[in-house]
Amino acid sequence: MDDTPVGLRPVSSAVTPSYVIAIDGPSGAGKSSTSRGVADRLGLRYLDTGAMFRALTWAVLEAGVDVTDADAVAAYAATPLLVSGTDPLEPTIEVDGVDVAEAIRGAAVTAGVSQVSAVPAVRTRLLEMQRAIIRLGSIVVVGRDIGSVGAREAQVKVSRTADAQARAARRAAEEGGADVAATRASLLRRDRVDSARSAAPLTMPEGATHIDTTDFTLEEVIAQVVALAEAAEAAS
Ligand code: DC
């Protein structure tokens, strides 16, 4: 990649610089890899909102706050400084200057993130941060409710799903060969909590194109989303 700041690179397609593409879907549906690939192909920035929820959960755990105590989590939510780097080829996430990109994928964070992300004060703070990044445009944003809440105005919205077994296999491979059955149980448990919560439950956003990725390769799904973006641009 050249040294030109991301977002200032000439776009490689007809997509305009202010473009926002929102990609929703549950864990393991391949949202991150697809979104990074699409952002790279179109010369856009990339933001993984799930990583922000994970980073705040990491901070909550580090501070010794009980993730099941919603009041304590709410009281702590404004304390840590989160910084998300938006280069799709090298996305970064820091909490108070500490690189947590690896730590946020660990078992402790995965086990606590649904509880932390159900706390309204957490959602309000992270949503404000997400909006500030999205407002600058030229970005592919990924996250469970991003097409219906954080990036409602996105020109292209994609809702990705895949069957539970395919999602578990992908996520287990990402975690360096974790047990697929245990990963599947953990994914389904988080889906249940994320869908049942009253603050921003998992839903299909209005105007989204649904893609079931079970039978497609990553490259095929990236090509489908790029084609959607180019068609939306041509129609505008
Ligand atoms: O996609 P993921 O597994 O990295 O997301 C981690 C958690 O963050 C997930 O359990 C729900 C939460 N999340 C959310 O509530 N809203 C978002 N926009 C993104 C993630």
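Relevant structure appears above.
A brief structural summary. (Residues numbered from 1 in each chain as written. Predicted model: local features only at pLDDT ≥ 70, side-chain atom pairs only at ≥ 80, totals over all residues. Heavy atoms only, no water.)

### Things to note about the sheet that holds strand S4 (residues 92–95)
Which entries qualify depends on this criterion: Strands qualify as paired when DSSP identifies two bridges or more between them. A run of H or I in DSSP becomes a helix once it reaches four residues, and a run of E becomes a strand once it reaches two; helices and strands are each numbered from the N terminus.
Spatially, three strands are ordered S3-S4-S5 in an open sheet, and the strand pairing comes out antiparallel. Of all the strands in the sheet, just strand S3 (82–85) and strand S5 (98–99) have a single pairing partner and so form its edges. Alignment of S3 against S4, held across four bridges, turns out to be antiparallel. By the bridge assignment, Leu-82 is partnered in S4 with Val-95.

### Focus on the sheet that holds strand S8 (residues 209–212)
Note the threshold: Helix axes are fitted to C-alpha atoms over the stretch in contact, other axes to C-alpha atoms as well, and angles between N-to-C directions run from 0 to 180 degrees.
One open sheet accounts for five strands, arranged S2-S6-S1-S7-S8; its pairing is parallel. Strands at the two margins of the open sheet, each flanked by one partner only, are strand S2 (45–48) and S8. Neighbour to neighbour, the strand axes of the sheet diverge by 20 degrees on average, direction disregarded. Both strand S1 (residues 20–24) and strand S6 (residues 139–142) contribute to a ladder of four bridges, which runs parallel.

### Quick word on the site of the ligand
Our working definition: It suffices for a single heavy atom of a residue to lie within 4 Å of a molecule or strand for the residue to be listed as near it. What qualifies as a polar contact is a pair of N or O atoms within 3.5 Å, subject to a donor-acceptor requirement within protein and to the restriction that residues adjacent in sequence count only when both atoms come from side chains. We get accessible surface area from the Shrake-Rupley algorithm with a probe of 1.4 Å; when it comes to residues, only the shown protein chains can shield them. Basically, the charged four are Asp, Glu, Lys and Arg, the nonpolar ten are Ala, Val, Leu, Ile, Met, Phe, Trp, Tyr, Cys and Pro, and anything else, Gly included, counts as polar.
The ligand sits among 17 residues. The nearest are Ser-27, Arg-54, Arg-123, Asp-145 and Asp-194. Between a nitrogen atom of the ligand and a side-chain N or O atom of Thr-49, the distance comes to 3.1 Å. In the model, a nitrogen atom of the ligand is placed 2.8 Å from a nitrogen or oxygen of the Asp-145 side chain. Against a free-state accessible area of 460 Å², the protein chains account for coverage of 98% of the ligand. The set of elements that each furnish at least two residues to the shell around the ligand consists of helix H2 (49–62), helix H4 (107–117) and helix H7 (180–196). Of all the elements, H2 adds the most residues to the shell around the ligand, at four residues. Among the residues making up the shell around the ligand, the classes are represented as two nonpolar, six polar and nine charged.

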